[in-house]
Amino acid sequence: MNNILIQKSEKFWYKLANYFLRNYRCLIQDPRLFLMGKFARFEIVRDWAAMLLKHPTQSPEISQEHPSILGELDVCAIASTIERDSCYQGLQLPEGVVQELVKFASSTVGYINRDTQRPWRCTGTEQVRVDLPKNARVCSYMSNGKLSSTLKKLEKDPGILAVAAKFLGAEPVHLGSEISWSFPVPAENHVQQRQAAQVFHYDLDDYRFIKFFFYLTDVDMSSGPHTYVSGSHKGKKLLHQVIGTRCADIDDEKLVELYGEQNVVNICGKAGFGFVENPLCFHRGTQPTEKPRLMLQIEYTVNDYGNIHEALGY
Ligand SMILES: [Fe+2]
(Lines give C-alpha, C1' and ligand atoms only; values in the text may rest on other atoms or scores of the structure.)
Protein backbone atom coordinates (compact mmCIF):
# COMPACT_ATOMS: atom_id res chain seq x y z
CA MET A 1 0.00 0.00 0.00
CA ASN A 2 2.79 2.37 0.99
CA ASN A 3 4.67 1.57 -2.21
CA ILE A 4 1.63 2.47 -4.31
CA LEU A 5 1.29 5.81 -2.49
CA ILE A 6 5.00 6.57 -3.00
CA GLN A 7 4.77 5.70 -6.71
CA LYS A 8 1.69 7.91 -7.13
CA SER A 9 3.40 10.78 -5.33
CA GLU A 10 6.55 10.42 -7.46
CA LYS A 11 4.43 10.42 -10.62
CA PHE A 12 2.63 13.57 -9.49
CA TRP A 13 5.87 15.48 -8.76
CA TYR A 14 7.41 14.26 -12.01
CA LYS A 15 4.39 15.53 -13.98
CA LEU A 16 4.41 18.85 -12.14
CA ALA A 17 8.16 19.36 -12.72
CA ASN A 18 7.69 18.49 -16.38
CA TYR A 19 4.84 21.00 -16.67
CA PHE A 20 6.91 23.86 -15.22
CA LEU A 21 9.96 22.95 -17.28
CA ARG A 22 7.95 22.86 -20.52
CA ASN A 23 6.33 26.22 -19.68
CA TYR A 24 9.68 27.77 -18.77
CA ARG A 25 11.24 26.57 -22.04
CA CYS A 26 8.29 27.87 -24.02
CA LEU A 27 8.44 31.27 -22.26
CA ILE A 28 12.16 31.63 -23.02
CA GLN A 29 12.03 30.33 -26.58
CA ASP A 30 8.79 31.98 -27.77
CA PRO A 31 7.01 34.36 -25.35
CA ARG A 32 4.30 34.99 -27.99
CA LEU A 33 3.41 31.31 -28.05
CA PHE A 34 3.55 31.14 -24.26
CA LEU A 35 1.06 34.00 -23.94
CA MET A 36 -1.23 32.50 -26.56
CA GLY A 37 -1.12 29.11 -24.79
CA LYS A 38 -2.14 30.75 -21.51
CA PHE A 39 -4.61 33.42 -22.62
CA ALA A 40 -6.25 32.42 -25.94
CA ARG A 41 -8.55 30.14 -23.94
CA PHE A 42 -10.42 33.24 -22.70
CA GLU A 43 -13.12 34.49 -25.02
CA ILE A 44 -12.56 38.12 -24.07
CA VAL A 45 -8.86 37.88 -24.97
CA ARG A 46 -9.72 36.29 -28.33
CA ASP A 47 -12.21 39.08 -29.02
CA TRP A 48 -9.51 41.70 -28.35
CA ALA A 49 -7.05 39.81 -30.53
CA ALA A 50 -9.61 39.65 -33.35
CA MET A 51 -10.10 43.42 -33.18
CA LEU A 52 -6.35 43.94 -33.51
CA LEU A 53 -6.01 41.64 -36.51
CA LYS A 54 -5.29 43.32 -39.79
CA HIS A 55 -7.51 42.26 -42.63
CA PRO A 56 -5.48 40.64 -45.43
CA THR A 57 -4.24 43.27 -47.87
CA GLN A 58 -4.63 40.85 -50.76
CA SER A 59 -7.43 38.47 -49.96
CA PRO A 60 -7.13 35.24 -52.01
CA GLU A 61 -9.80 35.19 -54.70
CA ILE A 62 -11.49 32.50 -56.72
CA SER A 63 -11.40 33.48 -60.39
CA GLN A 64 -11.27 31.90 -63.82
CA GLU A 65 -7.49 32.16 -63.72
CA HIS A 66 -7.40 30.80 -60.15
CA PRO A 67 -10.32 28.37 -59.84
CA SER A 68 -10.95 26.39 -56.71
CA ILE A 69 -10.81 22.59 -56.73
CA LEU A 70 -14.04 22.86 -54.71
CA GLY A 71 -15.85 24.81 -57.46
CA GLU A 72 -18.02 27.84 -56.73
CA LEU A 73 -18.02 28.90 -53.07
CA ASP A 74 -19.97 31.64 -51.33
CA VAL A 75 -17.05 32.67 -49.14
CA CYS A 76 -18.96 35.28 -47.06
CA ALA A 77 -21.88 32.93 -46.37
CA ILE A 78 -19.53 30.11 -45.34
CA ALA A 79 -17.56 32.38 -42.98
CA SER A 80 -20.70 33.76 -41.35
CA THR A 81 -22.18 30.26 -40.91
CA ILE A 82 -19.01 29.18 -39.07
CA GLU A 83 -19.14 32.36 -36.98
CA ARG A 84 -22.70 31.53 -35.91
CA ASP A 85 -22.87 27.70 -35.84
CA SER A 86 -19.16 26.76 -35.36
CA CYS A 87 -19.21 24.75 -38.59
CA TYR A 88 -20.22 24.88 -42.24
CA GLN A 89 -21.13 21.64 -44.02
CA GLY A 90 -21.32 21.28 -47.76
CA LEU A 91 -17.86 21.33 -49.34
CA GLN A 92 -17.22 18.71 -51.99
CA LEU A 93 -13.99 17.31 -53.38
CA PRO A 94 -14.15 16.05 -56.97
CA GLU A 95 -14.11 12.25 -57.28
CA GLY A 96 -10.72 12.30 -59.03
CA VAL A 97 -9.13 14.17 -56.13
CA VAL A 98 -10.62 11.70 -53.60
CA GLN A 99 -9.26 8.79 -55.63
CA GLU A 100 -5.79 10.36 -55.78
CA LEU A 101 -5.76 10.88 -52.00
CA VAL A 102 -7.00 7.33 -51.31
CA LYS A 103 -4.37 5.97 -53.71
CA PHE A 104 -1.73 7.99 -51.86
CA ALA A 105 -2.91 6.64 -48.50
CA SER A 106 -2.88 3.04 -49.68
CA SER A 107 0.64 3.30 -51.08
CA THR A 108 2.32 5.27 -48.27
CA VAL A 109 3.48 4.28 -44.82
CA GLY A 110 1.36 5.61 -41.97
CA TYR A 111 1.90 5.31 -38.22
CA ILE A 112 -0.28 3.30 -35.87
CA ASN A 113 -1.70 5.50 -33.10
CA ARG A 114 0.67 8.26 -34.37
CA ASP A 115 3.62 6.26 -32.99
CA THR A 116 6.66 6.62 -35.26
CA GLN A 117 7.89 3.26 -33.93
CA ARG A 118 4.86 1.55 -35.50
CA PRO A 119 4.92 2.14 -39.28
CA TRP A 120 2.18 0.39 -41.25
CA ARG A 121 0.87 0.46 -44.80
CA CYS A 122 -2.90 0.30 -44.93
CA THR A 123 -4.09 -0.81 -48.36
CA GLY A 124 -7.75 -0.20 -47.58
CA THR A 125 -10.94 -1.25 -45.81
CA GLU A 126 -10.56 -4.94 -46.67
CA GLN A 127 -7.09 -5.15 -45.10
CA VAL A 128 -8.39 -3.35 -42.00
CA ARG A 129 -11.04 -6.06 -41.65
CA VAL A 130 -8.64 -9.01 -41.80
CA ASP A 131 -5.18 -7.77 -40.91
CA LEU A 132 -5.28 -4.89 -38.43
CA PRO A 133 -2.26 -4.63 -36.08
CA LYS A 134 -2.91 -5.09 -32.36
CA ASN A 135 -4.44 -2.10 -30.51
CA ALA A 136 -4.51 -0.02 -33.68
CA ARG A 137 -7.16 2.67 -33.30
CA VAL A 138 -5.72 5.30 -35.62
CA CYS A 139 -3.20 5.27 -38.47
CA SER A 140 -1.86 8.70 -39.38
CA TYR A 141 0.33 9.60 -42.33
CA MET A 142 1.84 12.40 -40.20
CA SER A 143 4.78 14.05 -41.97
CA ASN A 144 4.53 11.51 -44.82
CA GLY A 145 1.39 13.39 -45.88
CA LYS A 146 3.71 16.07 -47.25
CA LEU A 147 4.63 13.64 -50.03
CA SER A 148 1.19 13.98 -51.61
CA SER A 149 1.18 16.50 -54.46
CA THR A 150 -2.65 16.50 -54.39
CA LEU A 151 -2.62 17.52 -50.74
CA LYS A 152 -0.07 20.26 -51.46
CA LYS A 153 -2.40 21.65 -54.15
CA LEU A 154 -5.34 21.59 -51.75
CA GLU A 155 -3.38 23.46 -49.08
CA LYS A 156 -2.89 26.30 -51.59
CA ASP A 157 -6.34 26.11 -53.15
CA PRO A 158 -7.75 29.62 -53.78
CA GLY A 159 -11.21 28.62 -52.47
CA ILE A 160 -9.90 27.11 -49.24
CA LEU A 161 -7.57 30.07 -48.68
CA ALA A 162 -10.35 32.57 -49.42
CA VAL A 163 -12.67 30.97 -46.82
CA ALA A 164 -9.82 30.79 -44.29
CA ALA A 165 -8.81 34.44 -44.88
CA LYS A 166 -12.41 35.65 -44.60
CA PHE A 167 -13.00 33.77 -41.37
CA LEU A 168 -9.64 34.60 -39.79
CA GLY A 169 -9.64 38.25 -40.85
CA ALA A 170 -5.97 37.79 -41.66
CA GLU A 171 -3.71 36.05 -44.10
CA PRO A 172 -3.95 32.32 -43.36
CA VAL A 173 -0.83 30.55 -42.12
CA HIS A 174 -0.86 26.83 -42.92
CA LEU A 175 -0.29 25.06 -39.60
CA GLY A 176 -0.51 21.48 -40.79
CA SER A 177 -2.46 18.76 -42.57
CA GLU A 178 -3.20 15.21 -41.64
CA ILE A 179 -4.60 12.21 -43.47
CA SER A 180 -5.60 9.52 -41.00
CA TRP A 181 -7.56 6.31 -40.59
CA SER A 182 -9.82 5.68 -37.59
CA PHE A 183 -10.51 2.00 -37.01
CA PRO A 184 -13.49 0.26 -35.39
CA VAL A 185 -11.47 -0.76 -32.35
CA PRO A 186 -12.77 0.31 -28.95
CA ALA A 187 -10.40 2.29 -26.76
CA GLU A 188 -9.50 0.59 -23.51
CA ASN A 189 -9.65 3.73 -21.39
CA HIS A 190 -10.21 7.48 -21.39
CA VAL A 191 -6.53 8.24 -22.11
CA GLN A 192 -6.66 6.23 -25.35
CA GLN A 193 -9.95 7.89 -26.31
CA ARG A 194 -8.42 11.28 -25.65
CA GLN A 195 -5.30 10.47 -27.67
CA ALA A 196 -7.54 9.53 -30.61
CA ALA A 197 -9.52 12.82 -30.16
CA GLN A 198 -12.62 10.70 -29.56
CA VAL A 199 -13.86 12.68 -26.57
CA PHE A 200 -15.37 16.16 -26.68
CA HIS A 201 -12.63 18.78 -26.48
CA TYR A 202 -11.69 22.08 -28.02
CA ASP A 203 -8.37 23.01 -29.56
CA LEU A 204 -6.19 25.99 -28.68
CA ASP A 205 -3.85 26.53 -31.61
CA ASP A 206 -4.13 30.34 -31.88
CA TYR A 207 -6.45 33.27 -31.12
CA ARG A 208 -8.24 32.46 -34.37
CA PHE A 209 -7.80 29.31 -36.41
CA ILE A 210 -9.82 27.12 -38.73
CA LYS A 211 -9.87 23.51 -39.89
CA PHE A 212 -11.10 21.98 -43.14
CA PHE A 213 -12.15 18.32 -43.08
CA PHE A 214 -12.84 15.98 -46.00
CA TYR A 215 -14.06 12.40 -45.73
CA LEU A 216 -12.14 10.08 -48.05
CA THR A 217 -14.39 7.10 -47.32
CA ASP A 218 -18.18 7.06 -46.93
CA VAL A 219 -19.06 7.99 -43.36
CA ASP A 220 -22.29 7.00 -41.64
CA MET A 221 -23.14 6.60 -37.96
CA SER A 222 -21.17 3.33 -37.79
CA SER A 223 -17.94 4.72 -39.22
CA GLY A 224 -17.01 7.43 -36.75
CA PRO A 225 -18.75 10.62 -37.87
CA HIS A 226 -17.19 13.90 -36.77
CA THR A 227 -19.42 15.47 -34.12
CA TYR A 228 -19.57 19.04 -32.85
CA VAL A 229 -21.65 21.13 -30.48
CA SER A 230 -23.11 23.93 -32.56
CA GLY A 231 -22.36 27.43 -31.23
CA SER A 232 -20.07 26.20 -28.45
CA HIS A 233 -17.09 28.25 -29.68
CA LYS A 234 -18.78 31.12 -27.80
CA GLY A 235 -20.23 31.42 -24.33
CA LYS A 236 -18.28 28.64 -22.66
CA LYS A 237 -18.58 28.32 -18.90
CA LEU A 238 -15.80 30.24 -17.15
CA LEU A 239 -14.37 27.02 -15.68
CA HIS A 240 -14.14 25.52 -19.18
CA GLN A 241 -12.25 28.60 -20.37
CA VAL A 242 -9.87 28.40 -17.40
CA ILE A 243 -9.01 24.72 -17.83
CA GLY A 244 -8.72 25.02 -21.63
CA THR A 245 -7.73 21.78 -23.36
CA ARG A 246 -8.20 19.94 -20.05
CA CYS A 247 -11.93 20.02 -20.86
CA ALA A 248 -11.15 16.73 -22.61
CA ASP A 249 -11.06 15.18 -19.12
CA ILE A 250 -14.73 16.00 -18.53
CA ASP A 251 -17.25 13.27 -19.39
CA ASP A 252 -18.91 13.78 -22.77
CA GLU A 253 -22.34 13.30 -21.18
CA LYS A 254 -21.68 16.15 -18.75
CA LEU A 255 -20.63 18.53 -21.55
CA VAL A 256 -23.63 17.56 -23.67
CA GLU A 257 -25.92 18.20 -20.69
CA LEU A 258 -24.37 21.65 -20.14
CA TYR A 259 -24.25 22.80 -23.77
CA GLY A 260 -27.48 21.18 -24.95
CA GLU A 261 -28.14 17.82 -26.60
CA GLN A 262 -30.11 19.64 -29.29
CA ASN A 263 -26.88 21.38 -30.35
CA VAL A 264 -24.93 18.15 -30.94
CA VAL A 265 -24.47 17.58 -34.69
CA ASN A 266 -23.14 14.36 -36.24
CA ILE A 267 -21.67 14.84 -39.70
CA CYS A 268 -22.20 11.97 -42.12
CA GLY A 269 -21.37 12.08 -45.81
CA LYS A 270 -20.05 10.23 -48.82
CA ALA A 271 -16.37 10.17 -49.72
CA GLY A 272 -15.41 13.67 -50.82
CA PHE A 273 -17.86 15.44 -48.50
CA GLY A 274 -16.22 18.29 -46.60
CA PHE A 275 -16.90 20.74 -43.82
CA VAL A 276 -15.06 23.57 -42.18
CA GLU A 277 -15.03 24.21 -38.46
CA ASN A 278 -13.94 26.66 -35.81
CA PRO A 279 -12.08 24.13 -33.58
CA LEU A 280 -12.77 26.29 -30.52
CA CYS A 281 -16.18 24.59 -30.41
CA PHE A 282 -16.52 21.29 -28.57
CA HIS A 283 -15.95 18.50 -31.10
CA ARG A 284 -14.77 14.92 -31.36
CA GLY A 285 -14.22 12.12 -33.83
CA THR A 286 -16.74 9.47 -32.81
CA GLN A 287 -15.35 5.98 -32.28
CA PRO A 288 -16.15 3.90 -35.42
CA THR A 289 -18.19 0.82 -34.52
CA GLU A 290 -18.25 -1.10 -37.80
CA LYS A 291 -16.36 0.51 -40.67
CA PRO A 292 -13.05 2.40 -40.73
CA ARG A 293 -12.91 6.07 -41.71
CA LEU A 294 -10.25 7.80 -43.79
CA MET A 295 -10.22 11.57 -43.38
CA LEU A 296 -8.16 14.60 -44.40
CA GLN A 297 -7.74 17.70 -42.21
CA ILE A 298 -6.10 20.98 -43.19
CA GLU A 299 -5.55 23.71 -40.58
CA TYR A 300 -4.76 27.43 -40.82
CA THR A 301 -3.92 29.91 -38.09
CA VAL A 302 -3.18 33.62 -37.93
CA ASN A 303 0.25 33.40 -36.31
CA ASP A 304 3.10 31.10 -37.18
CA TYR A 305 4.40 29.53 -33.96
CA GLY A 306 6.15 26.51 -35.49
CA ASN A 307 5.48 23.17 -33.83
CA ILE A 308 3.03 24.36 -31.22
CA HIS A 309 1.88 20.94 -30.01
CA GLU A 310 5.39 19.92 -29.06
CA ALA A 311 6.08 23.25 -27.34
CA LEU A 312 2.80 23.35 -25.42
CA GLY A 313 2.63 19.62 -24.73
CA TYR A 314 -0.81 18.90 -26.22
FE1 LIG B 1 -9.67 18.73 -32.04
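Rules used in this analysis
Here the residue numbers are simple positions, counted from 1 along each chain's written sequence. Restriction of local features to residues with pLDDT of at least 70 applies here, the model being predicted, together with a cutoff of 80 or more for giving and counting side-chain atom pairs; totals for whole chains, interfaces and linings are based on all residues. Defined on buried residues, the nonpolar core groups Ala, Val, Leu, Ile, Met, Phe, Trp, Tyr and Cys residues joined through C-beta atoms within 7 Å. Neighbour counting defines burial: a residue surrounded by 20 or more other C-beta atoms within 10 Å of its own C-beta is buried, one with 12 or fewer is exposed, and intermediate counts give partly exposed, using backbone-placed C-beta atoms. A helix here means a DSSP run of H or I that spans at least four residues, while a strand means a run of E at least two residues long, and both kinds are numbered starting from the N terminus. Residues are treated as contacting if the C-beta atoms built from their backbones sit within 7 Å of each other. Each pair of strands is called paired provided DSSP finds at least two bridges between the two strands. Axes, fitted as lines to C-alpha atoms, cover a helix only where it is in contact. Angles between the N-to-C directions of the axes lie from 0 to 180 degrees. One less than the residue count of a helix, multiplied by 1.5 Å, gives the span that helix is expected to have.

Got a minute to help me understand the nonpolar core in this structure?
Across soluble globular proteins, you tend to see nonpolar side chains buried next to one another. By size, the foremost hydrophobic cluster in this structure holds 74 residues, and its most contacted members are Val-163, Ala-164 and Val-276. For this core, the element with the most residues is helix 8 (residues 158-168), which contributes 8 residues. If near-sequence neighbours (up to four positions away) are discounted, Val-276 is found in contact with Ile-78, Ile-82, Cys-87, Tyr-88, Leu-91, Val-163, Ile-210, Lys-211 and Phe-212.

What should I look at first to understand the sheet that holds strand 8 (residues 264-267) in this one?
Sheet strands line up and pair through hydrogen bonds in the backbone, either parallel or antiparallel. On the basis of which strands lie adjacent, the open sheet formed by 3 strands has the order 8-7-10 and antiparallel pairing. Edge positions in the sheet fall to strand 8 and strand 10 (283-285), since each has one partner strand and no second. In this sheet, neighbouring strand axes are inclined to one another by 15° on average, regardless of whether the strands run parallel or antiparallel. As judged from the 3 bridges shared by strand 7 (residues 226-229) and strand 10, these two strands associate in the antiparallel manner. Across the sheet, the residue bridging to Thr-227 is Arg-284, located in strand 10.

Explanation requested: helix 5 (residues 95-107) in the structure shown.
Because an α-helix completes one turn every 3.6 residues, residues spaced three or four positions apart along the sequence face the same direction. Between its first and last C-alpha, helix 5 extends 18 Å over 13 residues, near the 18 Å set by a 1.5 Å rise per residue. On its buried side, helix 5 packs onto helix 7 (149-155), strand 5 (173-182) and strand 11 (293-301).

What is the right way to look at unusual backbone geometry in this model?
Note: most residues except glycine have negative phi, and most peptide bonds are trans. For Ser-86, which is not glycine, the phi dihedral falls at a positive 80°. Counting through the fold element by element, Ser-86 comes out in the loop between helix 4 (75-85) and strand 1 (87-92). The backbone of Ala-197 sits at a positive phi, close to 55°, despite the residue not being glycine. Here Ala-197 is to be found in the loop between helix 9 (190-195) and strand 6 (209-215).

I'm lost on the environment of Gln-99 in this one. Help?
With respect to the helices and strands, Gln-99 occurs in helix 5. Put simply, Gln-99 and Gly-272 are 173 residues apart on the chain and 9.2 Å apart in space, counted from C-alpha to C-alpha.

For this particular structure, what's the right way to read the sheet that holds strand 3 (residues 119-121)?
What the 8 strands build is an open sheet, ordered 1-9-6-11-5-4-2-3; its pairing is antiparallel. In the strand order of this sheet, the two ends are held by strand 1 and strand 3, each with one partner. Taking each pair of neighbouring strands and ignoring which way they run, the sheet shows an average axis angle of 30°. In this sheet, strand 4 (residues 138-140) lies alongside strand 2 (residues 109-112) in antiparallel orientation, the contact comprising 2 bridges. When the sheet's bridge partners are listed, Tyr-111 is paired in strand 4 with Ser-140.

These figures capture arrangement, not role.
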